[in-house]
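# Close look at the chain arrangement
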Amino acid sequence: MNNRICEILNIEKPIIQAPMSWITNAEFVAAVSNAGGLGFLGPNAGQVDITRSPEISAERMRTEIQKIKSLTNKPFGITVIVNRDLNYTWRILETVIDEKVPVVLVNDILDERIFKPLKENNIKIVYRPLTPTIENAKAAEEFGIDVYVATGFDEGGTVPERVIGTFSIVPMIVDTINTPVMAAGGIGDVRGVRAAFALGAEGVFAGSVFIPTKENPAAENVKQMIVDATAEDLLMFRTLPAYYRSLPTKLANKLVEMDKQGVSREEIAKMMVGSIGMRIGMLEGNTDDGYISVGTGIAPIKEIRTVKEVIDALMQDFN
Ligand SMILES: Cc1cc2nc3c(=O)[nH]c(=O)nc-3n(C[C@H](O)[C@H](O)[C@H](O)COP(=O)(O)O)c2cc1C
């Protein structure tokens, strides 16, 4: 079954594996694309340390992109992080255009200086604001995005600032714009996919369900923790810009305690060491000093599977 998302992104099944900081790499992304979905490199893809140099970041991204191309001839995407001074963004944009990456994800900022070169090079733009709103959906459509991702509070990673679940946000955005909408947040099995389509979404954008897979670079103990957990196990605390969830780790328990004691969001964010706390928890598997971010849709995940098994199960209606 083909739909607008499949046509725009040139894929067989309307599913995007969401970019996730630290826990994507070329092998994982290529496996998603080879299985008929769209794989996405996230920030720090394939890396084990951080660089502050935009040049080195872009070169590292180029290496991962070239590796993907050696593993698949199917489309894939990368995240363009739009930072305020645009320094890093330019380097990544140059690399994307140079390497003819077919699809990019843009978070939040609508900026003609970014959109123009992407459009001139016929690169498809998937737009995922951190907090979906009627206003930013209309503005993004006017800007000429190709796909809008409506993310519910159920998601893993940095949750939206407004506490609106996937069930509510998807129809609200679908009724606002004509651009195809993908649903993100809490999709853990085929029932979630069917629900998203019933609400008017034309595709699904899923992260957590892809972590416990053979090809994902997350630590093995983290994959097993996700298989063993349900949403009831998740801890939630305030941080910047809003809230965050983690499976129980020593650090996550401490962050919850700090929150209860009224410690400021800024202080809590500092304790998380930005996304480095995610690397420590999810990539290194250190459940003392790191955190493990997943969405609330993890209960149906019962075993570690291959990426293809996950896609075949989620997208069984799309053969
Ligand atoms: C571990 C993890 C890291 C993430 N990192 C990013 C990121 O760097 N940039 C981004 O736009 N979204 C990030 N996300 C959010 C995903 O892109 C996506 O919105 C989310 O995974 C969808 O919800 P789900 O996990 O319930 O499927 C992350 C999600 C997770 C679980």
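Just so it is clear, the model here is predicted, and its values are computed rather than measured.

Quick notes on the rules
- Residues numbered from 1 in each chain as written.
- Predicted model: local features only at pLDDT ≥ 70, side-chain atom pairs only at ≥ 80, totals over all residues.
- Heavy atoms only, no water.
- Salt bridge = Lys/Arg side-chain N within 4 Å of Asp/Glu carboxyl O.
- Helix = DSSP H or I, 4+ residues; strand = E, 2+ residues; numbered from the N terminus.
- Buried < 20%, exposed > 50% of the residue type's maximum accessible area, 1.4 Å probe, protein only.
- Core = buried A, V, L, I, M, F, W, Y, C linked by side-chain atoms within 4.5 Å.
- Domains from an automatic or database assignment.
- Buried area = accessible area lost by both parts, 1.4 Å probe.

A few words on the pattern of salt bridges. Scanning the model with the defined rule gives 22 salt bridges in all. Put simply, D317 and R194 hold a salt bridge, and the shortest N to O gap is 2.8 Å. Of this pair, D317 sits in the segment after α13 (307-314) while R194 sits in helix α8 (residues 190-198), and the two are 123 residues apart along the sequence. For R194, a relative accessible area of 40% translates into the label partly exposed. Residues participating in the shared-partner salt-bridge network are E59, R62, K69, D98 and E99.

Turning next to the nonpolar core. Counting residues in hydrophobic clusters, the biggest one holds 87 residues, and the most contacted among them are I78, L118, Y148 and F210. Broken down by element, the residue count for this core peaks at 6 residues, all from helix α2 (residues 26-34). Structurally, this core is a two-domain feature, drawing no fewer than three residues from each of domain 1 (4-216 + 301-318) and domain 2 (235-293). I16, V103, L105 and V147 belong to the second largest nonpolar core, which has 15 residues in total.

As a further point, take the domain arrangement of the protein. Put simply, an interface is often sized by how much accessible area is lost when its parts join up. In terms of domain boundaries, the protein breaks down into domain 1 (4-216 + 301-318) and domain 2 (235-293). If you average the C-alpha positions of domain 1 and of domain 2, the two centres end up 24 Å apart. When domain 1 packs against domain 2, close to 1,300 Å² is buried across both sides, 66% of that on carbon and sulfur atoms. Counting across the interface, domain 1 meets domain 2 through 0 salt bridges.

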